[in-house]
Structures are given as structure tokens and as C-alpha cells.
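# Structural overview for review
Each chain is listed here by its residues.
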Amino acid sequence: MKIDTKELIEQYFDQAVESTKELIKIPSVESEPVGDKPFGFGVHDALEYIIKLTKKLGFNPVKDDTNKYAYFDFGTGKDIFAILCHLDVVPAGDLTKWFTGPFDPIIKDNKLIGRGSFDDKGPTMMNVYAVKYLKDKGFNPSKYTIRVIFGLNEETNWKCMEKYVADHGYAKTGYVPDGLFPCVYAEKWISTVEITSNVKPNFEIKAGQAVNMVCDVAEYTGDNIALIIEKLNGVKNISTQVENQVLVVKGLPGHASVPFVGVNAATYLANALYELGNDHPLIKFVATQCHLNFSMSKVFGDISDETGDLTQNIGLLNINNEESKIVINFRVPVFTNPENDLLPVLDKKLKEYNLGLNIHPVTKAIYIPKDSELVTTMFDIYQQVTGDMNAKPQSMGGGTYAKTMPNIIAFGAAMDIENASMHAYNEYVAIDHLKKMLEIYTKAIYKLTK
């Protein structure tokens, strides 16, 4: 069959955008489980919406009996070609920083703005409507059954995909529309650690919303507030205000895989405190080893390879009389094993500061050869649609559902990760970019499954 790009855009794109807007309206931030809603009300509402929508589009969606994921199938092939999407989003943060309500999507300056527009609701909908177009045109993939899977807590601990794999096993191959174009042949290791102190403070800090976000708000209660404000005055993208004797320091959020894109309020606050003589071990460690040193080269030296540099992001910083800890999220180059080559070095350094170390489970890296059929096919289709002859298969620090199954890689949707808006205020996706997505995914699904 021939894919008619003009017909695809004219007849399906506006529908896909409207469905994306409806999904953005649902504040699907994971919250405490309630009854049969394991990830809270908002995420469950998004699940119910996708079930209703895909039924309306003529598919037969299947919902997990514990409400942790959903999927629909198209085709008659023996093997599964999986498209792994997610419906949950990160918290919206400081609402005053948004042009509109984060869950009140608008189109402005040819951009669709709203939490989840890029990560991952826009790309998800372009894939749903790509499959819808192929179905309507009579395409019958006999090599594979195409399965579009909707995960529900990608932004936290992936319990949704853990349940899916336990129920259904691995797909034969497929992709995740939650990374970079033209495609991602390698994803770094992800290692999260808690660094703890038992030194009782005479101040309090509460900072951060999630480990996979640059900390954009830090609250401080204690002495020297005026001096801290003086230290931070004039720092680009840092603002301060005092509310009920609590100093609030605000920076800019961003994705933990590119921490240098955001402005970390917690590390700026810690650095100011250290310069004013605060010698709490956690404050000293953050100021001397982490602040604006995204590779933590003073601890590890130069750790890099073809898949990029080591990066670290302090997502959470809490210091009070009940607990004192920082949570650091590392993105580790593929050919460095964090468990053998990184964490022992960190532990040794922390002992110099009398700090403890708790290690979360490590998420393994992905490496698919650049000359594999999966990579080369995706790369060719991207170039055909965009005309971008300078692009190359990418590596990245972001962790996607590709890590839940072998022979799955991230395919889109960002074309420039350092200027992408995932996890940021006024998250957006360009309308023209969405159109390219719809065309790329439609042609890729057809070529990869026929």
C-alpha cells in the first residue's frame, strides 16, 4: 500500500491534536493508591480516557485487571511489535510559572502547551492515530501483531511495565516514542542514591519534587536569610522571596538526564549557605562536590565514552531533625558499570564527609548496534520525512521503557534534547513537529511490520 501523506495529515492530524488536548486536561500525576486505582485518581482517569478513545477509534482495548496498564492490538502476526507509551506526567510545580494552567492546554505561537504535551501524551497520540490510519487503509500486518501499550507510572518506578511483562512476557521488537529522533541506539545506566547524615541541624531545608527532575524550588528555615538573599541576588534564573519567615528559592526545572538545562535551586541554596559558614556535612558535600559540577569530576574524574558523559542531578534535598538526606540521580555512560566502577568510589568519598550511602536498584543500560535493521530502518524513515541528512543515531541519558524489554529502542520524539521542554514549565510541542511525528510513525510502523 502507499501512504498518502496529504490525506494522513488532512484527515487525521486535527483529530490527533484534539485527543492530545483532552488527555492533557487530565492531571495524571501519580499519587497515593486509592481502592482499585494503584497510581491514584488522575492516572486512573487517563487510563479510562484511553480505553474510551481507542474503543471509539475501532480497536478492542484490554485493561489490566489491577488497572496498571492497558493495550490494544492490530494485526494477525504471531510475534508482537510493541509501541510502549506512557500516560502519567511529572508534577506541574510552581503554577505561577505557567502561561496557562498546566492542564489547560492551549495552542500559542504554533505550539501545543500543557503538561505532558511532549512527555509523552503528544507522541502517544500520534502513534495511536498512525495505527488508526493504517487500519482504515486496509493494512494487514501479517508478520507482527502491533500492540500499543499504555503504561501508567513511567515517571516513578515502572510498576506498570513490571506487571505487563509478568503477564505477557517480552515483545519481539518495537519502539518507545519517548526519546530522541532519529532514534536512540544507546541509553545510559541510571543509578539513584540517597546520601544521609545523622548530624542534627539548626535549620531546615525542604527541596525538590522528584528524583528525575531538576529541583526548582527550595525552602529554607533558619538564620541568615537576608545574607542568603544577598548571595543569590543577581544569579540568572534564581529568585528569592520570604513567606512566613521561610526563604523560598526558585530556579528552573528540567529533566534529570540534562541537569545543566535547568537551574537547581537546592544546590544554589546549599552553596550560599556554605559560603556563609554553614558546615553541615550535606551542605558541604553539595557545595564542594555537586554544585555546577554535573559530572562530579572532583569525585570520579572523567567518566565518558561514545554514549556521552556521566551526569548527576540532585532531585531532592531534605534536612531537618527527623531526617537529613540528598537524593542524586546519575546517568552513567554505557561502558561504565556503576555498581563496580562508580558507587564504591562515591562511598569512599562520602566517608570523608561522615555521610552514609543508600543505593537504589540500578537500571541497566541499552546498546543496540548502529548497523542493526531496527536502527537503520528508523534512521532511513526519519531522513526521508525530514530531509535531515546530518542526523545520526543518538545515545542519551534519559531512561525509557525500552529498558523493560530486549530489542526495543527509543524512536523520537525530541529532535534537540538540550532545547526540549520535557519536565519544564510551559512544556510544549511544536505543531509542525507533531505533524512530522505522525508521518514518521505511520511510515515506520508500516515498514517495520509489513
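Residues numbered from 1 in each chain as written. Predicted model: local features only at pLDDT ≥ 70, side-chain atom pairs only at ≥ 80, totals over all residues. Heavy atoms only, no water.

By the naming in an unreviewed UniProt entry, the chain goes by Dipeptidase PepV and is assigned to Entomoplasma ellychniae.

## Comments concerning the pairing of strand S10 (residues 189-196)
Just so we agree on the cut-off: Any residue under 20% of the maximum accessible area for its type is buried, any over 50% is exposed, and the rest in between are partly exposed; the area is computed with a 1.4 Å probe on protein chains only. For the purposes of this entry, the term helix denotes a DSSP run of H or I that reaches at least four residues, the term strand denotes a run of E that reaches at least two, and both are numbered from the N terminus. We call two strands paired when DSSP finds no fewer than two bridges between them.
Most of S10 sits inside the fold, with seven of its eight residues counted as buried. Both S10 and strand S18 (residues 324-332) contribute to a ladder of eight bridges, which runs antiparallel. If you follow Thr-196 over to S18, its bridge partner there is Lys-325. In the sheet, S10 pairs with strand S19 (residues 356-359) via four bridges, with the strands oriented antiparallel.

## Side note on helix H5 (residues 225-232)
Note the cut-off: Directions pointing from the helix axis toward each C-beta atom define the arc. The criterion used for residue contact is that any of the two residues' heavy atoms lie within 4.5 Å.
Of the residues making up H5, those classed as buried are Ile-225, Ile-228 and Leu-232. Viewed end-on, H5 has its buried residues packed into an arc of 60°, placing them on one side of the element. Of the residues in H5, the exposed ones pointing more than 90 degrees away from the buried face are Ala-226 and Glu-230. Turning to H5, the residues buried within the fold contact strand S12 (217-221), strand S13 (239-243), strand S14 (246-250) and helix H6 (265-275). Following H5 by one or two positions, Gly-234 has its phi on the positive side, about 90°.

## Digging into unusual backbone geometry
Trans peptide bonds make up the majority, and among non-glycine residues the majority have a negative phi. In this structure, the amide linkage connecting Asp-119 to the following residue, Asp-120, adopts the cis form with an omega of 10°. Secondary-structure assignment places Asp-120 in helix H3 (residues 117-136). The amide bond that connects Phe-181 to the next residue, Pro-182, takes the cis arrangement and shows omega of 5°. Within the secondary structure, Pro-182 is located in the loop between strand S8 (179-180) and strand S9 (184-187). With a phi angle near 65°, Asn-224 is a residue other than glycine that sits in the positive phi range. Structurally, Asn-224 can be placed in the loop between S12 and H5. With a relative accessible area of 41%, Asn-224 lands in the partly exposed category. Notably, His-423 is not glycine yet its phi reads approximately 70°, a positive angle. With respect to the secondary-structure elements, His-423 resides in the loop between strand S23 (413-414) and strand S24 (428-430).

## Examining the packing of helix H1 (residues 5-24) against helix H11 (residues 431-449)
In a packed pair of helices, the relevant descriptors are the angle between the two axes and the axis-to-axis distance. Where we set the bar: Here the axes come from fitting lines to C-alpha atoms, over the contacting stretch only for helices, and the angles between their N-to-C directions go from 0 to 180 degrees. Orientation categories follow fixed angle ranges, with anything under 35 degrees roughly parallel, anything over 145 roughly antiparallel, 65 to 115 roughly perpendicular, and all other angles oblique. With the far helix as reference, a near helix turned anticlockwise by less than a right angle produces a left-handed crossing, and one turned clockwise produces a right-handed crossing. Polarity classes work like this: nonpolar for Ala, Val, Leu, Ile, Met, Phe, Trp, Tyr, Cys and Pro, charged for Asp, Glu, Lys and Arg, and polar for all others, with Gly in that last group.
At their nearest, the axes of H1 and H11 sit 10 Å apart, and the two run at 120° to each other. With respect to their mutual orientation, H1 and H11 come out oblique. Read as a crossing pair, H1 and H11 show a hand that is right-handed. Along the contact surface, H1 presents Thr-5, Leu-8, Ile-9, Tyr-12, Phe-13 and Val-17, while H11 presents Ile-431, Leu-434, Lys-435, Leu-438, Glu-439, Thr-442 and Lys-443. Looking at the contact of H1 with H11 residue by residue, the class counts come to eight nonpolar, two polar and three charged.

## A closer look at the sheet that holds strand S5 (residues 111-113)
Whether parallel or antiparallel, the strands of a sheet pair through hydrogen bonds between backbone atoms. With antiparallel pairing, three strands are arranged side by side in an open sheet as S4-S5-S24. At either margin of the open sheet sits one strand with a lone partner, and together these are strand S4 (106-108) and S24. Between one strand and the next, the sheet's axes are offset by a mean angle of 25°, whatever the strand orientation. Bridging between S4 and S5 involves three bridges; their strand directions are antiparallel. The partner of Ile-107 across the bridge, within S5, is Leu-112.

## Overview of the packing of aromatic side chains
The criterion, for reference: Stacked, tilted and edge-to-face pairs are distinguished by plane angle, under 30 degrees for stacked and over 60 for edge-to-face with tilted covering the rest, among Phe, Tyr and Trp rings (Trp via its six-membered ring) whose centres lie within 6.5 Å.
On inspection of all chains with the given rule, the structure shows 23 aromatic pairs. Judged by centre distance (6.2 Å) and plane angle (40°), the ring pair of Phe-72 and Phe-150 falls under tilted. Taken together, the residues span a long stretch of sequence, with Phe-72 in strand S2 (residues 69-75) and Phe-150 in strand S6 (residues 144-151) at a distance of 78 residues. Ring centres of Tyr-175 and Tyr-441 lie 5.5 Å apart, and the angle between their planes is 10°; this geometry places the pair in the stacked category.

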